[in-house]
Amino acid sequence: MWYAIIGQDTPDSLDKRMAARPAHLARLQALQDEGRLLLAGPFPAVDAVDPGAAGFAGSLIVAEFASLQAAQEWAETDPYAAGVFGQITVQPFKKVLPA
């Protein structure tokens, strides 16, 4: 089943985010290589593709896991869980469109 993982950044997380980014992207790439990643990306903190020093407010990942518990465990062990994200929400996601 698909699960939405929503991480909310802590204040002033940009430096921590950039430091953890290579390891975070490697984990996402592994999901993609397994055909389990629907989409992933950050929420810019301002209305711009490149928010510059404003950084990001959080991230959204939609990926396939065997269970809610498996999705939660994956999210809790992501490099962004250690200082970038202050809060992580994981919930089931039903993909409707595009079909």
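Given the structure is predicted, the values throughout are model-derived calculations rather than measurements. Per chain, residue numbering runs from 1 following the sequence as it is written. Side-chain atom pairs in this predicted model are given and counted only at pLDDT of 80 or more, local residue features only at pLDDT of at least 70, and totals for whole chains, interfaces and linings cover all residues. Here the side-chain values reflect all heavy atoms present in the structure, with hydrogen atoms and water set aside.

**Observations regarding the packing of aromatic side chains**
Short version of the rule: Classification of ring pairs rests on two measures: the distance between centres of Phe, Tyr or Trp rings, Trp counted by its six-membered ring, which must be within 6.5 Å, and the angle between planes, read as stacked under 30 degrees, edge-to-face over 60 and tilted in between. Accessible area is worked out with a 1.4 Å probe on protein chains only. A residue is then buried under 20% of its type maximum, exposed over 50%, and partly exposed in between. Lysine and arginine charges are scored as sitting over a ring when NZ or CZ, respectively, is within 6 Å of the ring centre and within 35 degrees of the ring normal.
All told, the structure shown has 3 aromatic pairs when counted by the stated rule. Ring centres 5.9 Å apart and planes at 50° place the aromatic pair Phe65 and Trp74 in the tilted group. Across the pair, exposure class does not vary: Phe65 and Trp74 are buried alike. Between Tyr80 and Phe85, the aromatic rings sit 5.5 Å apart at their centres with planes inclined by 90°, giving edge-to-face as the arrangement. With relative accessibility at 2%, the residue Tyr80 sits in the buried group. Through a chain of ring-to-ring contacts, the aromatic side chains of Tyr3, Phe65 and Trp74 assemble into a single cluster. Between Arg27 and the ring centre of Trp74, over which it is positioned, the NZ or CZ distance is 4.2 Å.

**Focus: the sheet that holds strand 2 (residues 37–44)**
For the record, the criterion: Only when DSSP finds a minimum of two bridges between them are two strands counted as paired. By definition, any uninterrupted DSSP run of H or I lasting at least four residues is a helix, any uninterrupted run of E lasting at least two residues is a strand, and each is numbered from the N terminus. Every angle, taken between N-to-C directions, lies between 0 and 180 degrees, and every axis is a line fitted to C-alpha atoms, over only the stretch in contact when it is a helix. In what follows, residue pairs with any heavy atoms lying within 4.5 Å of each other are defined as contacts.
Reading across from one edge, 2-3-1-4 is the order of the 4 strands in this open sheet, with antiparallel pairing throughout. Across the chains shown, the open sheet's two edge strands, defined by having one partner strand only, are strand 2 and strand 4 (85–93). Here the strands of the sheet are splayed against their neighbours by 10° on average, with no regard to which way each runs. Together, strand 1 (2–9), strand 2, strand 3 (56–64) and strand 4 form the strand contacts of helix 1 (residues 14–33), whose direction differs from that of strand 3 by roughly 10°. Along the sheet, helix 2 (residues 68–76) contacts strand 1, strand 3 and strand 4; its crossing angle with strand 4, the most-contacted strand, is approximately 155°.

**Quick look at the environment of Arg17**
Condition: What qualifies as a polar contact is a pair of N or O atoms within 3.5 Å, subject to a donor-acceptor requirement within protein and to the restriction that residues adjacent in sequence count only when both atoms come from side chains.
Turning to its location among the elements, Arg17 is positioned in helix 1. With a relative accessible area of 3%, Arg17 lands in the buried category. C-alpha separation for the pair Arg17 and Gly83, spaced 66 residues apart in sequence, amounts to 8.2 Å. Sequence-distant contacts of Arg17, that is, excluding residues within four places in its chain, are made with Asp9, Pro42, Phe56, Gly58, Ser59, Tyr80, Val84 and Phe85. At a separation of 2.7 Å, a polar atom in the side chain of Arg17 contacts the side chain of Asp9. There is a polar contact of 3.4 Å between the side chain of Arg17 and the backbone oxygen of Gly58.

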